[in-house]
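Survey of secondary and tertiary structure
Spelled out from the first residue to the last, the chains are:
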Amino acid sequence: MLSEAQPCECYDLGMTRVYMDHNATTPLAEAVADRMMTVLREEFGNPSSVHHFGQRAKAVVDEARSAVAELIGGDPSEVIFTSGGTESDNFALRGAADALEPSGRRQLISSGIEHEAVLNTLKALARRGWQTTLVPVGATGLITAEALTASLTDQTAVVSIMHANNEIGTVQPVAELTRLAKARGAVVHTDAVQTAGKIPVNVKALGVDLLSISAHKFYGPKGVGALWVRRGLRLLPFMTGGKQERGRRSGTENVAAIAGMGVAARLAMAKMAEEASRLAALRNRLEQRILQAVPGTAINGDPDTRVPNTTNISFDRVEAESLLIALDLEGVAVSTGSACSSGTLEPSHVLKAMGLPAHRTQNSIRFSLGTANTEAEVDHVAAVLPRVVDKLRSLTRTPVRG
Ligand SMILES: Cc1ncc(COP(=O)(O)O)c(C=O)c1O
């Protein structure tokens, strides 16, 4: 477990391991783990119970609700705890679509670069008769006002555009897009899983109706998240059962995980500005060094409008999966948007939606930095890469593209 600025102590067989996959998940902050252990040991009550033990547990949940609300500029009564980003996205889209069914509006709008939690939920809703439209994205992964306007109709029920993309980090102009969608009477959701805790997220400034977040992306535990629901918005629950979360999300609360999320939210607020500029400097250093040292590399995404910890780089003539494995053997943990299934390499759906050619959609690696990363680690990764890439390229014969 890592606290704010401790170096990673993950060593095996004498190898120093560098973790640069924080968009996949982050390690628990020490204070989060401590609080969770205390709650697990001492606050075993059911928050729905009226007796002393229940009310203590309820107070723990309420304190975390206030912290999460503060992180996103909402009111605690608007925060619903869920099992994570995937559930929050499902709840937002299914709950809003179900609530809007009687209105006769039948169109759901999103983008091709969303997380699978949104894309696959839209597919499921399409099978139930909803018409889905994916707004085209530009070459840097940005969704423009013009592109959204061209898709909006009087039939639009819900618009869901992610705040920042998990693969490339590009931050969307959500406030502007929301204004356009609301002018046409649509309900607006944003998946802020990759921004909450990293950059300021304010539900009022964004103007949205629904916003998803997940604790394990900002040093909280896995399996807990929240959906912020604007007060007054009609949303049908998609889990039926008890009256928890004001009847909107049934099931006894995971009190310790929720408490952990609350502490993680407070930590994120306390160090956000400082950490964001530290990570941006590290990310830029990594990027510059890689681009200088490795020919045939290019940055994917919008270089100016992205979360501070993320860079996505295509390595010409290198399969992303092979590079990921070679780097792992060197002790460097990164990730790729492309996936190897049945022996063929699937291009990243994000880079594909941006219209990038095949040699960039299958060759890209995401480096996502976090609290424990240091300048020394960045320099280590930048030093290891040229050798690893050269070796992989020597196995193929096509020349490096410019
Ligand atoms: C943008 C985005 N949305 C949703 C999710 C899903 O969140 P969870 O892992 O909490 O279900 C992720 C996780 O990678 C994500 O990056």
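Counting starts from 1 at the beginning of each chain's written sequence and moves along it residue by residue. In keeping with the model being predicted, local features are shown solely for residues with a pLDDT of at least 70 and side-chain atom pairs are shown and tallied solely at 80 or more, while totals for entire chains, interfaces and linings include all residues. Calculated side-chain values reflect all of the structure's heavy atoms, with hydrogen atoms and water omitted.

**Section: the overall build of the protein**
This is how it is decided: Labels follow the DSSP assignment, with helices taken as runs of H or I lasting at least four residues and strands as runs of E lasting at least two, numbered in each case from the N terminus. Put simply, the radius of gyration uses C-alpha atoms, and a globule should come to 2.2 Å times the residue count raised to 0.38. Each residue's exposure class comes from its accessible area (1.4 Å probe, protein chains only) as a fraction of the maximum for that residue type: buried when under 20%, exposed when over 50%, partly exposed otherwise. The accessible surface values rely on the Shrake-Rupley method and a 1.4 Å probe; as for residues, cover is taken only from the protein chains in view. In summary, the charge assignment counts Lys and Arg as positive and Asp and Glu as negative, without counting His or the chain termini. Note that the charge is assigned to NZ on lysines, CZ on arginines, CG on aspartates and CD on glutamates.
Helices and strands together make up the secondary structure of the protein, namely 13 helices and 16 strands. Compactness check: the protein gives a C-alpha radius of gyration of 22 Å against a globular reference of 21 Å for 402 residues, within 12% of the reference. When the backbone C-alpha atoms are referred to their principal axes, the protein occupies close to 65 × 50 × 40 Å. Residues counted as buried form 56% of the 402 residues belonging to the protein. Split by element, the accessible area of the protein, about 16,700 Å² in all, is 55% carbon and sulfur. For the protein, the distance from the average site of its 42 positive side-chain charges to the average site of its 42 negative ones is 4 Å.

**Structural notes on the environment of M20**
Let me state the cut-off plainly: Two residues qualify as a contact provided that any one of their heavy atoms is within 4.5 Å of a heavy atom in the partner residue.
Here M20 is to be found in the loop between strand 3 (18-19) and helix 1 (30-42). Leave out the neighbours within four places in its chain, and M20 touches L286, A333, V334, R366, F367, S368, L369, N373, E377, V378 and V381.

**Overview of the sheet that holds strand 9 (residues 210-214)**
Two modes of strand pairing occur in sheets, parallel and antiparallel, and in both the strands are linked by backbone hydrogen bonds. Our working rule: When DSSP locates at least two bridges between a pair of strands, those strands are taken to pair. For helices, the fitted line uses only the C-alpha atoms of the stretch in contact; every axis is such a line through C-alpha atoms, and the angle between N-to-C directions lies from 0 to 180 degrees.
Read across the sheet, seven strands follow the order 4-10-9-8-7-5-6 without closing on themselves; strand pairing throughout is mixed. The sheet terminates laterally at strand 4 (79-82) and strand 6 (131-135), the two strands that pair on one side only. The mean angle between the axes of side-by-side strands here comes to 20°, regardless of whether they run parallel or antiparallel. Pairing geometry for strand 9 and strand 10 (residues 225-229), over five bridges, is antiparallel. By the bridge assignment, S214 is partnered in strand 10 with G225. Helix 2 (residues 52-72) contacts strand 4, strand 9 and strand 10 of the sheet and is inclined by roughly 110° relative to strand 4. Helix 3 (residues 85-100) contacts strand 4, strand 5 (107-111), strand 7 (156-160), strand 8 (187-191), strand 9 and strand 10 of the sheet and is inclined by roughly 160° relative to strand 9.

**Description of the site of the ligand**
Defined as follows: For each residue, the test is whether any non-hydrogen atom lies within 4 Å of the molecule or strand; if one does, the residue is near. What qualifies as a polar contact is a pair of N or O atoms within 3.5 Å, subject to a donor-acceptor requirement within protein and to the restriction that residues adjacent in sequence count only when both atoms come from side chains. Polar here means any residue other than Ala, Val, Leu, Ile, Met, Phe, Trp, Tyr, Cys and Pro, which are nonpolar, and Asp, Glu, Lys and Arg, which are charged; Gly is therefore polar.
The environment of the ligand is made up of 13 residues, and the closest members are T86, D191, Q194, S214 and K217. One of the side-chain nitrogen or oxygen atoms of K217 is found 2.6 Å away from an oxygen atom of the ligand. Coverage of the ligand by the protein amounts to 86% of the 390 Å² it exposes when considered alone. Of all the elements, helix 3 adds the most residues to the shell around the ligand, at three residues. Of the residues contributing to the shell around the ligand, the split by class is two nonpolar, eight polar and three charged.

**Re the packing of helix 9 (residues 255-293) against helix 13 (residues 375-394)**
Note the threshold: If an angle is under 35 degrees, it is roughly parallel; if it is over 145, roughly antiparallel; if it lies from 65 to 115, roughly perpendicular; otherwise it is oblique. Two helices crossing with the near one rotated counterclockwise from the far one by less than a right angle form a left-handed crossing, whereas a clockwise rotation gives a right-handed crossing.
Between helix 9 and helix 13, the least distance of the axes is 9 Å, while the angle of their chain directions is 20°. With respect to each other, helix 9 and helix 13 are oriented roughly parallel. Here the hand of the crossing between helix 9 and helix 13 comes out right-handed. Where helix 9 approaches helix 13, its residues L282, R285, L286, R289, I290 and A293 are matched on the opposing element by E375, V378, D379, V381, A382, L385 and P386. Counted by class, the contact of helix 9 with helix 13 contains nine nonpolar, no polar and four charged residues.

**A few points about the pattern of salt bridges**
Rule in force here: Salt bridge, as used here: a side-chain nitrogen of Lys or Arg that lies within 4 Å of a carboxyl oxygen of Asp or Glu.
The full count for this structure, using the stated rule, is 21 salt bridges. Note that R231 is salt-bridged to D75, the shortest N-O span being 3.2 Å. With R231 in the loop between strand 10 and helix 8 (244-247) and D75 in the loop between helix 2 and strand 4, this residue pair connects regions lying 156 residues apart in the sequence. For R231, a relative accessible area of 53% translates into the label exposed. A salt bridge links R249 to E87, with the nearest nitrogen and oxygen atoms 2.7 Å apart. Of this pair, R249 sits in the loop between helix 8 and helix 9 while E87 sits in helix 3, and the two are 162 residues apart along the sequence. Through salt bridges that share partners, K58, D62, R65 and E245 make up one connected network.

**Some thoughts on helix 2**
Our working definition: Each residue after the first adds 1.5 Å to the expected span of a helix.
Spanning 21 residues, helix 2 covers 31 Å between terminal C-alpha atoms, matching the ideal 30 Å at 1.5 Å per step. Of all the positions in helix 2, only G54, A57, V60, V61, A64, R65, A67, V68, A69, L71 and I72 are classed as buried. Of the residues trailing helix 2, G73 is marked for its positive phi of about 70°.

**Comments concerning the pairing of strand 10**
For a regular strand, the rule is simple: side chains alternate between the two faces of the sheet. Summarising burial for strand 10: five of the five residues are buried, a large majority. Side chains G225, L227 and V229 of strand 10 all project onto a buried face; the interleaved residues A226 and W228 project onto the opposite face, where all are buried too. With four bridges joining them, strand 4 and strand 10 adopt antiparallel strand pairing. Looking at the pairing, V79 lines up with W228 of strand 10.

**Digging into the packing of aromatic side chains**
Two numbers describe a pair of aromatic rings. These are the distance of the centres and the angle of the planes. The condition that has to hold: In summary, the pairing rule links any two rings of Phe, Tyr or Trp, Trp by its six-membered ring, whose centres are within 6.5 Å, and it sorts them by plane angle into stacked for under 30 degrees, edge-to-face for over 60 and tilted for everything else.
By the definition in use, this model includes two aromatic pairs. Ring plane angle 40° and centroid distance 5.4 Å describe the contact between F44 and F53, whose orientation is recorded as tilted. Classification of F53 as partly exposed rests on a relative accessible area of 44%. Aromatic pair F91 and F238: ring centres 5.9 Å apart, planes at 45°, arrangement tilted.

**Observations concerning the domain arrangement of the protein**
What counts is decided by this rule: Note that the domain bounds reflect an automated or database-derived domain assignment. Buried surface area refers to the total accessible area, computed with a probe of radius 1.4 Å, that the two partners give up upon joining, counted for both partners together.
Each assigned domain of the protein is listed with its residue range as follows: domain 1 (10-27 + 271-394) and domain 2 (30-267). Domain 1 puts 30 residues into the contact, and the matching count from domain 2 is 33 residues. Of the roughly 2,500 Å² buried where domain 1 meets domain 2, counting both sides, 54% is carbon and sulfur surface. If you look at where domain 1 meets domain 2, you find zero salt bridges. Counting the contacts that link domain 1 with domain 2 gives 19 residue pairs in polar contact (both at pLDDT 80 or more). With four residues, the top contributor of residues to the side of domain 1 that touches domain 2 is helix 11 (residues 349-353). In terms of residue class, the side of domain 1 that touches domain 2 is built from 11 nonpolar, 15 polar and four charged.

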